[in-house]
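# Breakdown of the fold
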Amino acid sequence: MKKRLLSFLFFFASLSAYAQNTATLSAQTNPERVISRHIYGHFAEHLGRSIYGGFYVGEDNKKIPNTAGVRNDVVEALKRLKVPNLRWPGGCFADTYHWKDGIGPKENRPTIVNTWWGGVTENNSFGTHDFLNMCELLGTEPYLAGNMASGTVQELMDWVQYVNFEGESPMSKLRKENGREKPWNVKFWGVGNEAWGCGGNMTPDYYANEYRKYATFMAGWTNENNLFRIASGANSADYNWTEVLMKNIPHNMLGGVALHHYAVIDWNKKGPSKDFTEQHYFATMKSALFMEELVNKHTAIMDKYDPKKTVALVVDEWGGWYEVDPGTNPGFLYQQNTMRDAMIAGVTLNIFNNHSDRIRMANLAQAINVLQAVILTDEEKMLLTPTYHVMEMYNVHQDAFYLPLTVKSADYTMGNDKLPAVSGSASKDKNGATHITLVNIDPKKGQDITVSIDGAKFKSVNGRVLTSKNIQDHNTFDKPDNIKPANFKGANLKGNNLTVKLPACSVVVLELK
Ligand code: AHR
């Protein structure tokens, strides 16, 4: 009797610790539906310690091993991440940046004031050659953000010529004089940034006209160099912005329309990055998951004007934004990166994968030492954040065939509010392996999920997990491996059913063969 009672109690205890979820995976591929690797892009702005001290420590630095001034440890870590593209030099900084300040002998380069970010002096020692050569070192495609608001059409035309023109021209001559014979052939170009705000406080109609002018002179009659021009897009739920751009800009001039959305609790009270409460956590996750609605609504507008989906939605700024770390420069946006950020990355990338027919490019803000960074540095020390590990675990989806995964999730509740606890996405790579990424944002409850598989038979499953006891847990320079992926033993395959035991606050990647 006592034994029966005990097992009864144990049964209920395990029910409350693990909630039940279901999912369906359609495992047959559609050859036309690929998850672009460019969804996994990054962003490096001249902001705080992103470039200086983050990527670049200077050619003369003897303390930190570097290649042409770029940190070797950073190059090695980013190569493992398979960074497909890197956006530079801003952000807001882009619309104050005059690229000619950053070429030629370093000692002759003018200094400017970085008006948006802390009013610090920018000596332009990291410029066009430094950035584009660094991209070659990283094996990543550059995404140059052009200055529309304080620059000129001529200046942007010249930049395109300088980096891309093979033949003889004043700009290609200048490039060669500065030591680079062959053009870099940069494909991705932003035309201004946040034109509704720091990029000029423009109206969408005014911006659309300006865009048409700039885009025309960048690419000529036929855009024979196939420049992928990206219009400065909406601030979160500003749907009118997308509407006006899609209506007023001819689509043959438009590779993509951007969207910026940060997971922020309240712009006036952003909350701490490390010592936050569960209420803060819930509010952040709510804002991160709002991306789903944003993508659906912006996509619906784009579909109205572009049913064939020729224009991409480019989410070129996303991530968590909190108060800066105490004692750091408020203009440098340096924040700690915890398991909360791992959750943001996991759910957001699942959303992007699931909408990869329209979202074909995105950039996490930002790569190093700024906002939701994948790398933090302190002089010669470097650490990989929980977000880094999620981006690395998810890189199996890059250029893989998208597979529909529908999840029916239990709720993660806070008072009267609720969020879906589990999210997921799936793909099949070019070698035939199928990958499922799952996230459980509930910080206290594990989730059991049963996935029924349609259209394929698998023999084996294995996986990796990123998890930690507390949502506030993070890596430090003294304990850089506090949080890192581990082998995952919680998945079982029986015929067409896959059962997964997701720990509380976890990201899991599974490989099915
Ligand atoms: O990523 C930081 C800033 O956020 C960017 O410079 C700007 O585009 C956005 O407001």
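The present account deals with the structure reproduced in this document.

Rules and cut-offs
Residues numbered from 1 in each chain as written. Predicted model: local features only at pLDDT ≥ 70, side-chain atom pairs only at ≥ 80, totals over all residues. Heavy atoms only, no water. Pairing = 2+ DSSP bridges. Helix = DSSP H or I, 4+ residues; strand = E, 2+ residues; numbered from the N terminus. Axes fitted to C-alpha atoms, helices over the stretch in contact; angles between N-to-C directions. Contact = heavy atoms within 4.5 Å. Phe/Tyr/Trp six-rings, centres within 6.5 Å; stacked < 30°, edge-to-face > 60°. Buried < 20%, exposed > 50% of the residue type's maximum accessible area, 1.4 Å probe, protein only. Expected span 1.5 Å × (residues − 1). Arc of directions from axis to C-beta. Polar contact = N/O pair within 3.5 Å; in protein donor to acceptor, adjacent residues only side chain to side chain. Near = heavy atom within 4 Å. Areas by Shrake-Rupley, 256 points an atom, 1.4 Å probe, with all protein chains shown as cover. Nonpolar A, V, L, I, M, F, W, Y, C, P; charged D, E, K, R; others polar. Lys, Arg positive; Asp, Glu negative; His and termini not counted. Salt bridge = Lys/Arg side-chain N within 4 Å of Asp/Glu carboxyl O. Disulfide = S-S within 2.5 Å.

## Re the sheet that holds strand 21 (residues 434-440)
Hydrogen bonding along the main chain pairs the strands of a sheet, whether they run parallel or antiparallel. Pairing in this open sheet of six strands is antiparallel, and the strands run 16-20-21-27-23-24 from one edge to the other. The sheet terminates laterally at strand 16 (401-403) and strand 24 (486-488), the two strands that pair on one side only. Looking at each pair of strands side by side, their axes are set apart by 25 degrees on average, direction ignored. The pairing of strand 16 with strand 20 (residues 422-428) spans three bridges and is antiparallel. Across the sheet, Phe-401 pairs through a bridge with Lys-428, a residue of strand 20. Helix 9 (residues 339-354) rests against strand 16, strand 20, strand 21, strand 23 (461-467) and strand 27 (506-512) of the sheet, and its axis sits at about 50 degrees to strand 20.

## Section: unusual backbone geometry
Along the chain, Trp-88 connects to Pro-89 via a cis peptide bond; the corresponding omega equals 5 degrees. Residue Gln-366 follows Ala-365 across a cis peptide bond; omega there is -10 degrees. Examined against the element boundaries, Gln-366 turns out to sit in the loop between strand 13 (359-364) and strand 14 (375-378).

## As for the sheet that holds strand 5 (residues 85-88)
Spatial strand order, 2-5-8-9-10-11-12-13: eight strands in a closed barrel with parallel pairing. Adjacent strand axes in the sheet meet at a mean angle of 30 degrees when their direction is disregarded. Bridge count between strand 11 (residues 256-263) and strand 12 (residues 312-320): seven bridges; the pairing is parallel. Its bridge partner lying in strand 12, Ala-258 is registered against Val-314. Against the sheet, helix 3 (residues 128-138) makes contact with strand 5 and strand 8 (141-146), and its axis sits at roughly 165 degrees relative to strand 5, the strand it touches most. Contacts from helix 7 (residues 239-248) reach strand 10 (228-235) and strand 11, with the element oriented near 150 degrees to strand 10.

## Section: the packing of aromatic side chains
One pass over the full model with this rule turns up 20 aromatic pairs. On the basis of an interplanar angle of 85 degrees and a centroid distance of 4.7 Å, the ring pair of Tyr-262 and Trp-321 is categorised as edge-to-face. Of the two residues, Tyr-262 is situated in strand 11 and Trp-321 in the loop between strand 12 and helix 9; the sequence distance between them amounts to 59 residues. For the residue pair Tyr-262 and Trp-321, the accessibility class agrees, reading buried in each case.

## Details of helix 6 (residues 204-219)
In this model helix 6 runs 22 Å from its N-terminal to its C-terminal C-alpha over 16 residues, within 8% of the 22 Å that 1.5 Å per residue would give. Along helix 6, the residues classified as buried are Pro-204, Tyr-207, Ala-208, Glu-210, Tyr-211, Tyr-214, Ala-215, Met-218 and Ala-219. Buried positions in helix 6, seen along its axis, are confined to an arc of 165 degrees and lie on one side of it. Taken together, the buried residues of helix 6 touch helix 4 (153-164), strand 9 (188-191), strand 10 and helix 7. Phi turns positive, to about 70 degrees, at Gly-220, one or two residues after helix 6.

## A word on helix 8 (residues 278-305)
In this model helix 8 runs 42 Å from its N-terminal to its C-terminal C-alpha over 28 residues, within 8% of the 40 Å that 1.5 Å per residue would give. The backbone nitrogen of Gln-279 lies 3.3 Å from a side-chain oxygen of the residue at the head of helix 8, namely Thr-277.

## Section: the side chain of Ser-232
Relative to the helices and strands, Ser-232 is located in strand 10. Within polar-contact distance, the side chain of Ser-232 engages the backbone nitrogen of Ala-195 at 2.9 Å. Each residue touching Ser-232, except ones within four places of it in the same chain, is listed here: Val-191, Gly-192, Asn-193, Glu-194, Ala-195, Tyr-207, Trp-241, Leu-245 and Ala-258.

## Remarks on the site of the ligand
Near the ligand lie 13 residues; those nearest to it are Glu-45, Cys-92, Glu-194, Tyr-262 and Glu-317. Between the ligand and Asn-193, the relevant distance is 3.0 Å, taken from an oxygen atom to a side-chain nitrogen or oxygen of the residue. When the ligand sits alone it has 280 Å² of accessible area, and the protein chains cover 94% of it. Looking at side-chain class alone, the shell around the ligand contains seven nonpolar, three polar and three charged residues.

## Observations concerning the side chain of Arg-340
Turning to its location among the elements, Arg-340 is positioned in helix 9. The side chain of Arg-340 sits in the buried core without any salt bridge; Asp-341 is the nearest counter-charge, 5.0 Å away. If near-sequence neighbours (up to four positions away) are discounted, Arg-340 is found in contact with Ile-265, Pro-272, Ser-273, Phe-276, His-280, Tyr-281, Thr-284, Met-285, Tyr-322 and Ile-471.

## Re the state of the cysteines
When the sulfur atoms of two cysteines share a covalent bond, that bond is a disulfide. The final tally for this structure, using the stated rule, is one disulfide. Note on cysteine connectivity: Cys-92 is disulfide-linked to Cys-198, with sulfurs 2.2 Å apart. On the sign convention where negative means left-handed, the S-S torsion of about -90 degrees between Cys-92 and Cys-198 marks this disulfide as left-handed. Within this pair, whereas Cys-92 is found in the loop between strand 5 and strand 6 (112-114), its partner Cys-198 is found in the loop between strand 9 and helix 6, the two being separated by 106 residues in sequence. With respect to class, Cys-92 is no different from Cys-198; both count as buried.

## Topic: the pattern of salt bridges
Following the criterion strictly, the structure yields 27 salt bridges and no others. A salt bridge links Lys-106 to Glu-59; the shortest N-O distance between them is 2.7 Å. A residue pair is termed long-range when its members are at least 10 positions apart, and Lys-106 in the loop between strand 5 and strand 6 and Glu-59 in the loop between strand 2 (41-43) and strand 3 (66-67) qualify at 47 residues. On the basis of relative accessibility, which here comes to 36%, the residue Glu-59 falls in the partly exposed class. Asp-303 is the salt-bridge partner of Lys-309, the closest N and O atoms lying 2.9 Å from each other. Look at Lys-309 and you get partly exposed, because its relative accessible area is 21%. Among the charged side chains, a salt-bridge network with shared partners connects Arg-33, Asp-303, Asp-306, Lys-309, Asp-357 and Arg-358.

## So, the environment of Asn-395
Residue placement: Asn-395 occurs in the loop between helix 10 (386-394) and strand 16. Taking the relative accessible area as the measure of exposure, Asn-395 reaches 11% and is therefore buried. With residues near it in sequence (within four places) discarded, Asn-395 still touches Arg-80, Leu-81 and Lys-82. There is a polar contact of 3.3 Å between the side chain of Asn-395 and the backbone oxygen of Leu-81.

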